[in-house]
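# Structural characterization, general
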Amino acid sequence: MNRLTETIKHLIIINVIFFIALKFLGESVYNSFAIWFPENEKFKVWQVFTHMFMHHPTFYLHILMNMFGLWMFGTPLEQMWGK
């Protein structure tokens, strides 16, 4: 089994925090952090970075499979490429 590196562990924790926040705070979190087309009034510069942490709060399999993929592929890639 792959050892979970610190960076991958932090990315998984951040994703879970965003998932829980979206679950309980709903639409306002989604509108603030999901990416919108640049001409849309909801578009903010930080969304270019934060949209990757957004997962739909009712699709548990979505975040589960994404975090599994992050662990499975992220750990060896980080060991090969560095943080």
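Just above sits the structure.
Structural notes, computed from the coordinates.

### Observations regarding the overall build of the protein chain
- On a plain count of helices and strands, the protein chain comes out with four helices and zero strands.
- In the protein chain, the succession of α and β elements from N to C terminus is α-α-α-α.
- Referenced to the eigenvectors of the C-alpha coordinate spread, the extents of the protein chain come out at roughly 45 × 25 × 15 Å.
- Counting every position in the protein chain, which comprises 83 residues, the buried fraction comes to 24%.

### Let's talk about the pattern of salt bridges
- Applying the stated rule across the entire model yields one salt bridge.
- Where Glu6 meets Lys9, a salt bridge forms, and the shortest distance between an N and an O atom there is 3.3 Å. Residue Glu6 and its partner Lys9 are both found in helix 1 (residues 6-25); the two are separated by three residues, about one turn of the helix.

### Points about the environment of Ile12
- In this fold, Ile12 is placed in helix 1.
- For Ile12, the contacting residues outside a window of four places in its chain are Leu4, Met67, Leu70 and Trp71.

### What to know about the nonpolar core
- By size, the foremost hydrophobic cluster in this structure holds six residues: Phe18, Leu22, Val29, Ala34, Phe53 and Met54.
- Dropping the residues within four chain positions of it, Phe18 is found in contact with Phe33, Phe53 and Met54.
- Counting residues in hydrophobic clusters, the runner-up holds five residues, among them Ile8, Phe19, Ile63 and Met67.

### Topic: helix 4 (residues 60-81)
- Counted at 1.5 Å a residue, the expected span for helix 4 with its 22 residues is 32 Å, and the 30 Å between its end C-alpha atoms agrees.
- Along its length, helix 4 shows its largest kink, about 35°, at Gly74, and proline Pro76 lies within four residues downstream of that point.
- Burial in helix 4 covers these residues: Ile63, Met67, Gly74, Thr75 and Glu78.
- As for helix 4, its buried residues are in contact with helix 1.
- The first or second residue beyond helix 4 is Gly82, which carries a positive phi of 95°.

Parameters at a glance
Residues numbered from 1 in each chain as written. Predicted model: local features only at pLDDT ≥ 70, side-chain atom pairs only at ≥ 80, totals over all residues. Heavy atoms only, no water. Helix = DSSP H or I, 4+ residues; strand = E, 2+ residues; numbered from the N terminus. Buried < 20%, exposed > 50% of the residue type's maximum accessible area, 1.4 Å probe, protein only. Salt bridge = Lys/Arg side-chain N within 4 Å of Asp/Glu carboxyl O. Contact = heavy atoms within 4.5 Å. Core = buried A, V, L, I, M, F, W, Y, C linked by side-chain atoms within 4.5 Å. Expected span 1.5 Å × (residues − 1). Bend = angle between axes of the 7 residues up to and from the residue.

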